[in-house]
Amino acid sequence: MAETEEPSAAGGSADVRMVLLGQTGSGRSSAGNTILGREAFWTDVSPVSVTGRCQRAEGVVEGRRLEVIDTPGFFHTCLTPDEVRAELSRCVKLAEPGPHVFLLVLRPCRQTREQRSGLDWFSTVFGPQFLRHTLVLITWGDALREKPAEGFLKESEELWEFVGECAGGRHVFENTRGREERSQVVELLKKTDLLIQRNEGTWYTVDMLLQAETAIRHIQRRILGEDGEEEAERGGRDEEEARKRAERLFWYELVTAVGRGAVEGSGVMEKGKGKGKKVKAVQRAAAIASTPLSITIAAKVMGGAIREGVKVLQKHKKTFPN
């Protein structure tokens, strides 16, 4: 199994460095195991992300040395949005000197507004260079049956447009094939090689990440009015896009906080962290699901959602004008 590691000062020597991204339940860890052909990352059926911190694993695949970094689930109910961002930032440093490709893992199911906002959130956190190094990996492709991946993606105009902006395109893994059947991995590596060639062998760097973080802080200060006198209107497509990304980041934090508060209020997940609390989460969820939702539980759910939502609203109280 992969272990949680600190960034190494020695730098990366792998032929291809990959970072797996995606929401909880998308199949990131399973995809990593399929790519490496072994049980490198822990997988389990759980309503919360099994991966709590970034993990790195290595292996030789088709004659190339791969370095794969798994990351926490996008809607991880045990981590705050700030903690998730910190781990996603850390994944870049684990892939020193930087990842060649981000594998953004999607599962073929009905895409909610929150899930689509999550894609924008990744673009916000990693900045404008993110899509240049991104390939969308659709897991559980066998669930599509006769429907082509293109047909599934086009059912959501926003999802289709987002995938079209990813320089690496898309690829499909059929989980029922098993890790012994390597053709789908070979095809993925071909697409990865093509993406690296298009980028002339370059990779996403820590400097790119720092620039994205600086841009977010700047636009947040602008919105919150902390830069003193407002600068004159200049138009500018880049500034407008930065403002929109900051607003999307706010809405993601609000949605995630409200969801986390509701889960804690229902008793499915206690406040804080810890293995014991994660293990009990499934049992509690099953117990609540098997009984009618009482007024008491409903009140706790609402109370928890309001409590966490208010925290984010106070943090960004000047984000939007009245």
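Residues numbered from 1 in each chain as written. Predicted model: local features only at pLDDT ≥ 70, side-chain atom pairs only at ≥ 80, totals over all residues. Heavy atoms only, no water.

Per an unreviewed UniProt entry, the chain is named GTPase IMAP family member 7-like, and its organism is Triplophysa rosa.

**Student:** How would you explain unusual backbone geometry if you had to name every residue and give the values?
**Tutor:** Glutamate 96 connects to proline 97 through a cis peptide bond whose omega is 0°. Counting through the fold element by element, proline 97 comes out in the loop between α2 (81-94) and β4 (101-106). One non-glycine residue, glutamate 62, adopts positive backbone phi at about 50°. Structurally, glutamate 62 is set in the loop between β2 (55-61) and β3 (64-70). Here the phi dihedral of glutamate 200 falls at roughly 55°; this positive angle occurs in a residue that is not glycine. Looking at where glutamate 200 falls in the secondary structure, it is placed in the loop between α6 (183-198) and α7 (206-224). (Helix = DSSP H or I, 4+ residues; strand = E, 2+ residues; numbered from the N terminus.)

**Student:** Explain the packing of aromatic side chains to me, and be specific about the residues and the numbers.
**Tutor:** Following the criterion strictly, the structure yields seven aromatic pairs and no others. For the pair phenylalanine 122 and phenylalanine 130, a centre-to-centre distance of 6.5 Å together with 25° between the ring planes defines the contact as stacked. On the accessibility criterion, phenylalanine 122 (3% relative accessible area) is buried. When the ring centre of tryptophan 203 is taken as origin, the NZ or CZ atom of arginine 17, which lies over that ring, is 4.9 Å away. (Phe/Tyr/Trp six-rings, centres within 6.5 Å; stacked < 30°, edge-to-face > 60°. Buried < 20%, exposed > 50% of the residue type's maximum accessible area, 1.4 Å probe, protein only. Lys NZ or Arg CZ within 6 Å of the ring centre and 35° of its normal.)

**Student:** Account for helix α3 (residues 113-126), naming residues and giving values.
**Tutor:** The end-to-end C-alpha distance of α3, which contains 14 residues, comes to 20 Å, matching closely the 20 Å that a straight helix rising 1.5 Å per residue would cover. Taking burial as the measure, the 14 residues of α3 include ten buried ones, the bulk of the element. Among all positions of α3, only Gln115, Arg116, Gly118, Leu119, Trp121, Phe122, Ser123, Thr124, Val125 and Phe126 are buried. Following α3 by one or two positions, glycine 127 has its phi on the positive side, about 85°. (Expected span 1.5 Å × (residues − 1).)

**Student:** Give a description of the pattern of salt bridges that names residues and reports values.
**Tutor:** Using the criterion set out here, one finds nine salt bridges in the structure. Residue arginine 28 is joined to aspartate 70 by a salt bridge in which the shortest nitrogen-to-oxygen separation is 3.4 Å. Here aspartate 70 lies in strand β3 and arginine 28 lies in helix α1 (residues 28-36), a separation of 42 residues in the sequence. Considered together, arginine 28 and aspartate 70 belong to a single accessibility category, that of buried residues. Across the pair glutamate 87 and arginine 53 runs a salt bridge whose closest N-O atoms are separated by 3.3 Å. Note that glutamate 87 is positioned in helix α2 and arginine 53 in the loop between α1 and β2, a separation of 34 residues in sequence. For arginine 53, a relative accessible area of 38% corresponds to the partly exposed category. (Salt bridge = Lys/Arg side-chain N within 4 Å of Asp/Glu carboxyl O.)

**Student:** Which residues make up the sheet that holds strand β6 (residues 170-172), and what are the values?
**Tutor:** The six strands are arranged β2-β3-β1-β4-β5-β6 in an open sheet whose pairing can be described as mixed. Where the open sheet ends on each side, the last strands, each with one partner, are β2 and β6. Strand-to-strand twist of the sheet, defined as the mean angle between neighbouring strand axes without regard to direction, takes the value 25°. On top of the sheet, α1 reaches β1 (16-21), β2, β3, β4 and β5 (134-138); it is set at about 170° to β3, its chief contact. On the sheet, α3 packs against β1 and β4 and is oriented at approximately 160° with respect to β4. (Pairing = 2+ DSSP bridges. Axes fitted to C-alpha atoms, helices over the stretch in contact; angles between N-to-C directions. Contact = heavy atoms within 4.5 Å.)

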